[in-house]
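# Commentary on secondary and tertiary structure
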Amino acid sequence: MSKKVTIRDIAREAGVSIATVSYVLNNREDQSISEATRQKILQVVNLYQYRINFTARCISSGRTNIVTLFADDDRFALNKAETMLLTERLQRTLAEKGYSLQLAFGKEAKRFSSSDAIVCYNLDSAFFRELGEMNFCPLLALDTVIPDNDLFYQIYTDYGKVKTVADKIFGENGYKTVSRRPNSKPLQDYLLATFGDVIFAEKYDFANSLAGCNAVVLGEMLGDYCKRFAKDVLVIDTVNPEKLAKLWECIDVAVNRKEAIEHDIRI
């Protein structure tokens, strides 16, 4: 049986201290380590097929570097496609920060003991709070609005800004608005109060009412479909880089207990 490779072996072969190897393997950003040194350590790690003891690392750091995305299990294919688009982009965003994404769907609250934070996407406030009672890591609301919120970060689309842009392009009342139906009642009320004439995409026949009309569509996947029917379409990317960057900022603040920023964020 071959000798088990240790972190001390990695440090010796790379010509660095054990602490430096530990910093690199744990993605520590508070240490000044050159890119050349980091690459050399990783090359030695790969050469010896060294495997980090995940459980031990979590115990020592108190972190798992895992974020859970809990989303409503919408059965309508176009809405599910929007969720998958979010998943793909959020996974890339987190990977750049050294985090992994864990997915959860459904209407049953669960405990996620291995998560540093939970992002709740398109959930109603009652379910959000139920998740909060079962989990002790930070919860963040994405496209979900929690009434009287002063504890949780909530990031959602600024419908007022969208309407301003749409009015300039099509004229006031010169278009119909298409959106998935928000599970968050306050968010749905905000959407209806802003636009008035809203078509909720829940079955494919919703598009029949777009014939000959201009449309403002909230979501890229929905927008691509609506282009087949409407006269002209303004597509609003609801999982745009700015929103994901702000979501990451909120995750970072919450997980690392940094000074709080604005809790109610419209983008």
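All values derive from a computational prediction rather than experimental measurement.

### Structural notes on helix H7 (residues 159–170)
- The terminal C-alpha atoms of H7, which comprises 12 residues, lie 16 Å apart, in line with the 16 Å expected from a rise of 1.5 Å per residue.
- When H7 is considered as a whole, its buried residues turn out to be Tyr159, Val162, Lys163, Ala166 and Phe170. When H7 is viewed along its axis, its buried side chains cluster within an angular range of 100° and face the same direction.
- On its buried face, H7 is in contact with helix H8 (185–195), strand S8 (214–218) and strand S9 (232–236).
- With a side-chain oxygen positioned 3.2 Å from the backbone nitrogen of glycine 160, the residue opening H7 is aspartate 158.

### A few points about the sheet that holds strand S10 (residues 264–266)
- The strand order across the open sheet built from 6 strands is S2-S1-S3-S4-S5-S10, with neighbouring strands paired in parallel fashion. Edge strands, defined here as strands with exactly one partner in the open sheet, are strand S2 (100–105) and S10. The sheet shows a mean angle of 20° between the axes of neighbouring strands, taken without regard to direction.
- One ladder, built from 4 bridges, connects strand S3 (residues 117–121) with strand S4 (residues 139–142); its direction is parallel. Each residue of the ladder has a partner; that of valine 119, found in S4, is leucine 140.
- This element, helix H10 (residues 241–255), spans strand S1 (66–71), S3, S4, strand S5 (153–156) and S10 of the sheet and lies at about 175° to S5.

### Description of the environment of leucine 139
- Within the fold, leucine 139 resides in strand S4.
- Every residue in contact with leucine 139, bar those within four places of it in the chain, is listed here: Ile118, Cys120, Phe128, Leu131, Gly132, Phe152 and Tyr153.

### Focus: the sheet that holds S9
- The 4 strands are arranged S7-S6-S8-S9 in an open sheet whose pairing can be described as parallel. The sheet terminates laterally at strand S7 (198–200) and S9, the two strands that pair on one side only. When the angles between neighbouring strand axes are averaged without regard to direction, this sheet yields 25°.
- One ladder, built from 3 bridges, connects strand S6 (residues 176–179) with S8; its direction is parallel. Note on S8: the bridge partner recorded for valine 178 is valine 217.

### As for the pairing of S3
- Most of S3 sits inside the fold, with 5 of its 5 residues counted as buried.
- Residues Ala117, Val119 and Tyr121 of S3 are buried on one face, and the alternating residues Ile118 and Cys120, pointing to the opposite face, are buried as well.
- Note: S1 against S3, 5 bridges, orientation parallel. Counterpart to threonine 68 in the pairing with S3 is isoleucine 118.
- For the handedness criterion, the β-α-β arrangement of S3, helix H6 (residues 125–134) and S4 is classed as right-handed.

### Notes on the environment of methionine 221
- Turning to its location among the elements, methionine 221 is positioned in helix H9 (residues 220–226).
- Between the C-alpha atoms of methionine 221 and methionine 84, which are 137 residues apart in sequence, the distance is 9.9 Å.
- When sequence neighbours within four positions are dropped, the list of residues in contact with methionine 221 reads Leu78, Ala81, Glu82 and Leu85.

Here is what the cut-offs are and how they apply
Throughout this description, residue numbers start from 1 for each chain and increase along the sequence as written. At least 70 in pLDDT is required for a residue's local features to be given in this predicted model, at least 80 for side-chain atom pairs to be given and counted, and no such filter applies to totals for whole chains, interfaces and linings, which use all residues. Note: side-chain values were computed over all heavy atoms of the structure, leaving out hydrogens and water. Numbering of helices and strands runs from the N terminus; a helix is a DSSP stretch of H or I covering at least four residues, while a strand is a stretch of E covering at least two. Each residue after the first adds 1.5 Å to the expected span of a helix. Only protein chains enter the accessibility calculation, which uses a 1.4 Å probe. A residue is then buried if its area is under 20% of the maximum for its type, exposed if over 50%, and partly exposed in between. Directions from the helix axis toward the C-beta atoms define the arc. In what follows, a contact means two residues having at least one pair of non-hydrogen atoms within 4.5 Å. Counted as a polar contact is a pair of N or O atoms within 3.5 Å, where, for protein atoms, one must be capable of donating a hydrogen and the other of accepting one, and residues adjacent in sequence contribute only when both atoms are in side chains. Paired strands, as defined in this entry, are two strands with at least two bridges between them according to DSSP. Axis angles are defined between N-to-C directions and span 0 to 180 degrees, where every axis is a line fitted to C-alpha atoms and, for a helix, only to the segment in contact. Look down the strands so they point away from you; if going from the first strand over the helix to the second traces a clockwise path, that crossover is right-handed.

Read these as geometric descriptors, not functional statements.
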